[in-house]
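# Topology and contacts: notes
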Amino acid sequence: MTFERIAAEQGEEAAIRAGIDADPDTMELDEEWFAKARPVSEAHPHVVEAFRRRRGKQKAPTKEQLTIRLDADLVAHFRGTGKGWQTRINKLLRESVFGSS
């Protein structure tokens, strides 16, 4: 049966439950599961360490965070150039205003 048919006959909640029950990759998390659960820092310390190594707040801020609206095609172009696209926009604006460095 499809979601729509179950929802029409038994209601949306029943359709959602049927979908969950039919999915072999889902399970109900019970008290036993929670009793065995451990903090992510114990289970996957390498993941936590990688997250903690992310760049934090600047100690001496040299840039100002703001909201700016740009044309969608411009944003798509720069995002398509990969990581650091905002820095490249900053560099092009700087060169446009102050000349090449």
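Reference entry: report on the structure contained in this document.

Analysis parameters
- Starting from 1, residues in each chain are numbered consecutively following that chain's sequence as written.
- Local features are withheld for residues below a pLDDT of 70 in this predicted model, meaning they are given only at 70 or higher, and side-chain atom pairs are given and counted only at 80 or more; totals for whole chains, interfaces and linings count all residues.
- Only hydrogens and water are set aside when side-chain values are computed; all heavy atoms of the structure are taken into account.
- The criterion for an aromatic pair is that two Phe, Tyr or Trp rings (for Trp, the six-membered ring) have centres within 6.5 Å, with stacked assigned to planes under 30 degrees apart, edge-to-face to planes over 60 apart and tilted to the rest.
- Only protein chains enter the accessibility calculation, which uses a 1.4 Å probe; a residue whose area is less than 20% of its type maximum is buried, one above 50% is exposed, and one in between is partly exposed.
- Cavity: a set of points on a 1 Å grid over the protein atoms alone where a 1.4 Å probe fits but cannot get out. Pocket: an open set with protein on both sides within 12 Å along at least five of seven lines, its lining residues, like those of a cavity, having an atom within 4 Å of a point.
- Grid points are joined across faces, edges and corners, and a volume is the space filled by probe spheres set on the points.
- Strands here are runs of E lasting at least two residues and helices are runs of H or I lasting at least four, both read from the DSSP assignment and numbered beginning at the N terminus.
- Amino acid classes used here: Ala, Val, Leu, Ile, Met, Phe, Trp, Tyr, Cys and Pro are nonpolar; Asp, Glu, Lys and Arg are charged; the rest, including Gly, are polar.

Under the criterion given, the structure shown has 1 aromatic pair. Where W33 meets F34, the ring centres are 4.9 Å apart and the plane angle is 85 degrees; that geometry is what we call edge-to-face. W33 sits in the partly exposed class, given a relative accessible area of 36%. A relative accessible area of 48% means that F34 is categorised as partly exposed.

Put simply, the largest pocket is a space of about 1,200 Å³. Around the largest pocket sit 24 residues that line it, and E64, L66, Q86, T87 and N90 are the ones nearest its centre. Mapped onto the lining of the largest pocket, the elements with two or more residues apiece are α6 (72-79) and α7 (85-98). Of all the elements, α7 adds the most residues to the lining of the largest pocket, at 7 residues. For the lining of the largest pocket, a count of residues per class yields 11 nonpolar, 7 polar and 6 charged.

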